[in-house]
Structures are given as structure tokens and as C-alpha cells.
Amino acid sequence: MERKQVRLPLTFVPNAECFERLGFKLDLNYKNHNFCNAYLPKGWNEFKNEKDNHVYIMDEDFCSRAIINTRFGFDGEVGTVRLLCRYQIVTYAMDKEKEEYMVSLVDTKLNEVLYSEYYSTLEADKLYIKVMIEDIHTKKIVRFAQEHYPDYMDPTAYWEDEKRIKKMVK
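Residues numbered from 1 in each chain as written. Predicted model: local features only at pLDDT ≥ 70, side-chain atom pairs only at ≥ 80, totals over all residues. Heavy atoms only, no water.

**Examining the sheet that holds strand β11 (residues 112-120)**
At step 1: With respect to topology, three strands assemble into an open sheet ordered β9-β10-β11, the strand pairing being antiparallel. Two strands bound the open sheet, and with one partner strand each, they are β9 (87-95) and β11. The average angle at which neighbouring strand axes cross in this sheet is 20°, direction not considered.
At step 2: Bridge count between strand β10 (residues 100-107) and β11: eight bridges; the pairing is antiparallel. When the sheet's bridge partners are listed, Glu-100 is paired in β11 with Ser-120. (Pairing = 2+ DSSP bridges. Helix = DSSP H or I, 4+ residues; strand = E, 2+ residues; numbered from the N terminus. Axes fitted to C-alpha atoms, helices over the stretch in contact; angles between N-to-C directions.)

Encoded structure:
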């Protein structure tokens with residue numbers, strides 16, 4: 001299978017080494033000071049989403065593994081390419097009028113919620129109290145993620161792992 005060549009912004013998040021660990025072949029000697037040529041890992045493709053104007057890099061299992069954001073600035077086209085982690089912490093507004101929210105640890109590969117905390121800030125009369133309530137529940141999710149997936153913030157970790165999935169939805 002032939003590797004697909006793409007043009008990537010030179011601003012790599014977290015860094016170029018993580019991309020190379022995943023199998024990207026980067027040509028950093030490309031003559032454009034904002035972009036480089038790259039070969040995707042075998043079986044990976046890019047997909048342009050017309051709704052949000054981002055380019056998503058998908059692996060062989062059709063999981064979004066990176067997002068390319070570009071825009072035109074004073075010095076021409078610029079952008080970033082960011083690797084995505086398998087496990088992400090997401091906050092959902094369940095009912096904005098009642099100020100009800102849910103913060104969850106989500107397995108983006110399997111599209112499953114692994115652990116959630118529901119909370120409301122309606123009774124809080126000051127903004128800093130609302131922020132504290134959100135922070136308390138987010139920290140519970142972070143502790144769960146750190147306990148079960150210590151490298152959950154590493155975008156190169158856990159993508160091949162099917163057996164370690166722990167699910168605990170409240």
C-alpha cells in the first residue's frame with residue numbers, strides 16, 4: 001500500500017517527534033517556511049470537513065488521529081496540526097436554562113463514555129462558585145483517567161490497546 005503525501009503546517013502539537021513515532025515521514029527541508037511535505041503512516045488518509053473547514057487525518061480504523069487548522073494571516077497561509085488523544089475529557093451542557101452539565105471521559109476510538117459526573121450550577125449565586133463546582137467534577141474525571149489510563153494525555157498511547165478498556169458510567 002502506498003503512503004499518501006500531504007502538506008502539513010510546521011506547528012506540530014505536541015511536537016514533531018510524536019508524529020514521527022506514529023509513522024509520519026516529515027520533510028522539514030521543504031521550501032515553504034510555514035508548511036512541510038509529509039507522508040502519512042500506511043493506511044491513513046486525510047478528510048476535509050466542509051462544515052468546520054478542518055482537515056482530519058484518519059487512521060486505518062477510520063479514527064480521527066489529527067486535525068489540521070489553517071488560516072490566512074499577514075504572512076500568508078499559516079496553521080497547526082494537532083494529534084488527538086484516544087481518551088478525552090469533554091463537558092456537555094445538558095440543560096443550559098437549568099445550568100445542568102455532564103463532564104465525561106470519552107473513548108474516541110470506540111465512541112463510548114467511560115465515566116461521567118453530572119452537576120448543576122443553578123444554586124450557585126457567584127461565578128467563582130460555579131467555576132469551583134465545575135472544577136470539582138472535572139477533577140474526579142481526571143483522577144479516574146489517571147488511575148486507569150496514566151498516559152491518557154499522550155496522543156501516541158492506547159490506540160492499539162483493546163483489552164484495557166474500563167467502563168464506569170454514573
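**Let's talk about the side chain of Asn-37**
At step 1: Position of Asn-37 relative to the elements: it lies in strand β4 (residues 35-39).
At step 2: A residue is classified by how much of its surface remains accessible, and Asn-37, at 18% relative accessible area, is buried.
At step 3: Once residues lying within four places of it in the same chain are set aside, the contact partners of Asn-37 are Gln-5, Val-6, Lys-25, Leu-26, Asp-27 and Tyr-30. (Buried < 20%, exposed > 50% of the residue type's maximum accessible area, 1.4 Å probe, protein only. Contact = heavy atoms within 4.5 Å.)

**A look at the sheet that holds strand β1 (residues 5-9)**
At step 1: Sheet architecture is open: three strands sit in the order β1-β4-β3, paired in antiparallel fashion. Among the strands making up the open sheet, the edge pair consists of β1 and β3 (25-27). In this sheet, adjacent strand axes meet at a mean angle of 35° when their direction is disregarded.
At step 2: In terms of strand pairing, β3 meets β4 through three bridges, oriented antiparallel. Across the sheet, the residue bridging to Lys-25 is Tyr-39, located in β4.

**Concerning the nonpolar core**
At step 1: Counting 19 residues, the largest nonpolar core has Leu-8, Phe-12, Phe-19, Phe-24, Leu-26, Ile-57 and Val-81 as the members making the most contacts within it.
At step 2: Taken together, the elements giving at least two residues each to this core come down to β1, α1 (16-21), β4, β6 (54-58), β7 (64-73) and β8 (76-83).
At step 3: Ranked by residue count, the leading element in this core is α1, at three residues.
At step 4: Not counting residues within four places of it along the chain, the set of residues in contact with Phe-19 comprises Phe-12, Val-13, Phe-24, Leu-26, Val-81, Arg-82 and Leu-83. (Core = buried A, V, L, I, M, F, W, Y, C linked by side-chain atoms within 4.5 Å.)

**Details of the environment of Tyr-56**
At step 1: Looking at the element boundaries, Tyr-56 is found in strand β6.
At step 2: Separated by 13 residues in the primary sequence, Tyr-56 and Asn-69 have C-alpha atoms spaced 9.1 Å apart.
At step 3: Those residues in contact with Tyr-56 that sit more than four places away from it in its chain are Asn-45, Glu-46, Phe-47, Asn-49, Ser-64, Ala-66 and Ile-67.
At step 4: A distance of 2.5 Å separates polar atoms of two side chains, one belonging to Tyr-56 and the other to Asp-52. (Polar contact = N/O pair within 3.5 Å; in protein donor to acceptor, adjacent residues only side chain to side chain.)

**Focus: the packing of aromatic side chains**
At step 1: Under the definition given, this model contains eight aromatic pairs.
At step 2: Between Tyr-115 and Phe-144, the ring centres sit 4.6 Å apart and the planes meet at 15°, which makes this aromatic pair stacked. Residue Tyr-115 is located in strand β11, and its partner Phe-144 is located in helix α2 (residues 127-148); the two are separated by 29 residues in the primary sequence.
At step 3: Take Phe-144: its relative accessible area is 6%, and that puts it in the buried class.
At step 4: Through pairs of rings, three or more aromatic residues link up here, namely Phe-12, Phe-19, Phe-24 and Trp-44.
At step 5: The positively charged end of Arg-7 is found above the aromatic ring belonging to Phe-35, 4.0 Å away from the centroid. (Phe/Tyr/Trp six-rings, centres within 6.5 Å; stacked < 30°, edge-to-face > 60°. Lys NZ or Arg CZ within 6 Å of the ring centre and 35° of its normal.)

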